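Residue-level structural notes
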Amino acid sequence: MKHSLRTKMFLNSHKREIRFVLLFILFFIALQIAHYSLRSFTSPVVVHTLNAGVSSRIINFITPAEKSFSRGDMIGSGSFTIRIAQGCEGTEGILLIVAALCAFSIRMRDKIVGILVGSAVLYTANLVRIVVLYYTLKYRPHLFDLAHVYIGQTFIIFVGILFFMAWITKFARTDE
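Topic: the pairing of strand β2 (residues 74–77)
- The pairing of strand β1 (residues 69–71) with β2 spans three bridges and is classified as antiparallel. Note on β2: the bridge partner recorded for Ser70 is Ile75.
- In this structure, the hairpin formed by β1 and β2 is closed by a connection of two residues, where Gly72 is found at a positive phi of approximately 65°.
- With four bridges connecting them, β2 and strand β3 (residues 80–83) associate as antiparallel partners.

Below is the structure:
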């Protein structure tokens, strides 16, 4: 009897948090299904143009002597190439932000603006990650796995969490 009363009290006192977590999971799964369903159509734009093409231009801006180029999902320079694999284009990080903002209880206008700003922030962070990985693989290949798997992915998650926390702190209703 005591156990079920404690559970009921816990559930009642944490309704908003439980609602957020359940909605977040629901939105994230729905967004992932949509993303994977449309991936073959969106990859040429998202991976090739918005990631490889833009990253190559950033590399050439930073170091014109690189004379980097993009071809599909590849960025290269001379005989060196790096491939932007599916999942490394930053979409999942953006979907996490979208799901979190959709699940959080703020005004619709603030959700929409947050999704747009958050997507831009995560996209920019992923471009930084790609450019750093390009230079790492080309000039310090022994550090690539560390930079790609541990530092790069952690960086994107960290940026996403910081953005979400900053956004909800700015726009969360004071009565909540």
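Considering a nonpolar patch on the surface
- There is a patch of nonpolar side chains on the surface, built from Leu143, Leu146, Val149, Tyr150 and Ile151 and spanning about 460 Å² of accessible area.
- When its relative accessible area of 36% is taken as the criterion, Leu143 is described as partly exposed.

Comments concerning the pattern of salt bridges
- Per the stated rule, a full pass over the model turns up six salt bridges.
- Residues Arg83 and Asp73 are paired through a salt bridge, measuring 3.0 Å at the closest nitrogen-oxygen approach. With a gap of 10 residues between them, Arg83 in strand β3 and Asp73 in the loop between β1 and β2 connect regions that are remote in the sequence.
- In this structure, Arg107 engages Asp110 in a salt bridge whose closest nitrogen and oxygen atoms are separated by 2.9 Å.
- Since its relative accessible area comes to 2%, Asp110 is described here as buried.
- Counted as one network, the salt bridges with shared partners bring together Arg39, Glu89 and Glu92.

Notes on the side chain of Glu92
- Note on placement: Glu92 falls in helix α3 (residues 91–103).
- The exposure class of Glu92 is buried, given its relative accessible area of 18%.
- Dropping the residues within four chain positions of it, Glu92 is found in contact with Phe28, Gln32, His35, Tyr36, Arg39 and Gly87.

Describing the confidence of the model for the chain
- Across the chain, the average pLDDT comes to 90, with 94% of residues at 70 or higher.
- For the chain, per-element mean pLDDT is lowest for helix α1 (residues 2–13), which scores 69, and highest for helix α4 (residues 108–139), which scores 95.

Remarks on unusual backbone geometry
- Phi at Lys67 is positive, roughly 50°, even though this residue is not glycine.
- Its location among the elements puts Lys67 in the loop between α2 (15–62) and β1.
- On the basis of relative accessibility, which here comes to 63%, the residue Lys67 falls in the exposed class.

Some details on the packing of α2 against α3
- Interhelical geometry of α2 versus α3 gives an angle of 145° and a closest axis separation of 8 Å. When you trace α2 past α3, the crossing you get is right-handed. Counting all contacts with α2, which are made through Arg19, Phe20, Leu23, Phe24, Phe27, Phe28, Leu31, Gln32, His35, Tyr36, Arg39 and Val46, the residues of α3 involved are Thr91, Glu92, Leu95, Leu96, Val98, Ala99, Ala100, Cys102 and Ala103.
- When grouped by side-chain class, the residues that make up the contact of α2 with α3 number 15 nonpolar, three polar and three charged.

Some words on the packing of aromatic side chains
- The final tally for this structure, using the stated rule, is nine aromatic pairs.
- Taken together, a centroid distance of 5.9 Å and an interplanar angle of 80° make the contact between Phe20 and Phe104 edge-to-face. You can see Phe20 sitting in helix α2 and its partner Phe104 sitting in the loop between α3 and α4, a full 84 residues away along the chain.
- Judged by centre distance (5.3 Å) and plane angle (80°), the ring pair of Phe80 and Tyr134 falls under edge-to-face. Placement of the pair is Phe80 in strand β3 and Tyr134 in helix α4, with a sequence separation of 54 residues. Of the two residues, Phe80 and Tyr134, neither departs from the other in class, the shared state being buried.
- Counting every residue linked through ring pairs, the aromatic cluster contains Phe20, Phe24, Phe28, Phe104 and Phe164.

What counts, and at which threshold
- Counting restarts for each chain, with residues numbered from 1 along the sequence as it is written.
- Thresholds applied to this predicted model are a pLDDT of at least 70 for local features of residues and 80 or more for the giving and counting of side-chain atom pairs; totals over whole chains, interfaces and linings are not thresholded and use all residues.
- Hydrogens and water molecules were not included; the side-chain quantities draw on all heavy atoms of the structure.
- A pair of strands is labelled paired if DSSP reports no fewer than 2 bridges between them.
- Helix and strand assignments follow DSSP, with helices taken as H or I runs no shorter than four residues and strands as E runs no shorter than two, numbered in order from the N terminus.
- Residues qualify for a patch when their relative accessible area is over 30% and they have no salt bridge, like charges being joined within 9 Å and the nonpolar side chains of Val, Leu, Ile, Met, Phe, Trp and Tyr within 5 Å.
- Accessible areas in this description were obtained via Shrake-Rupley with a 1.4 Å probe; residue shielding takes into account the shown protein chains only.
- Think of a salt bridge as a Lys or Arg side-chain nitrogen and an Asp or Glu carboxyl oxygen that are within 4 Å of each other.
- Burial classes: relative accessible area under 20% of the type maximum marks a residue as buried, over 50% as exposed, and values in between as partly exposed (1.4 Å probe, protein chains only).
- By definition in these notes, contact holds between two residues if any of their heavy atoms fall within 4.5 Å.
- pLDDT runs from 0 to 100 and stands for how confident the predictor is about each residue.
- Helix axes are fitted to C-alpha atoms over the stretch in contact, other axes to C-alpha atoms as well, and angles between N-to-C directions run from 0 to 180 degrees.
- Handedness of a crossing is defined here by the sense of rotation of the near helix relative to the far one, left-handed for an anticlockwise turn of less than a right angle and right-handed for a clockwise turn.
- Classes in brief: Ala, Val, Leu, Ile, Met, Phe, Trp, Tyr, Cys and Pro nonpolar; Asp, Glu, Lys and Arg charged; the others, Gly included, polar.
- Each Phe, Tyr or Trp ring, with Trp reduced to its six-membered ring, pairs with another whose centre is within 6.5 Å; inter-plane angles below 30 degrees give stacked pairs, above 60 give edge-to-face pairs, and intermediate values give tilted ones.

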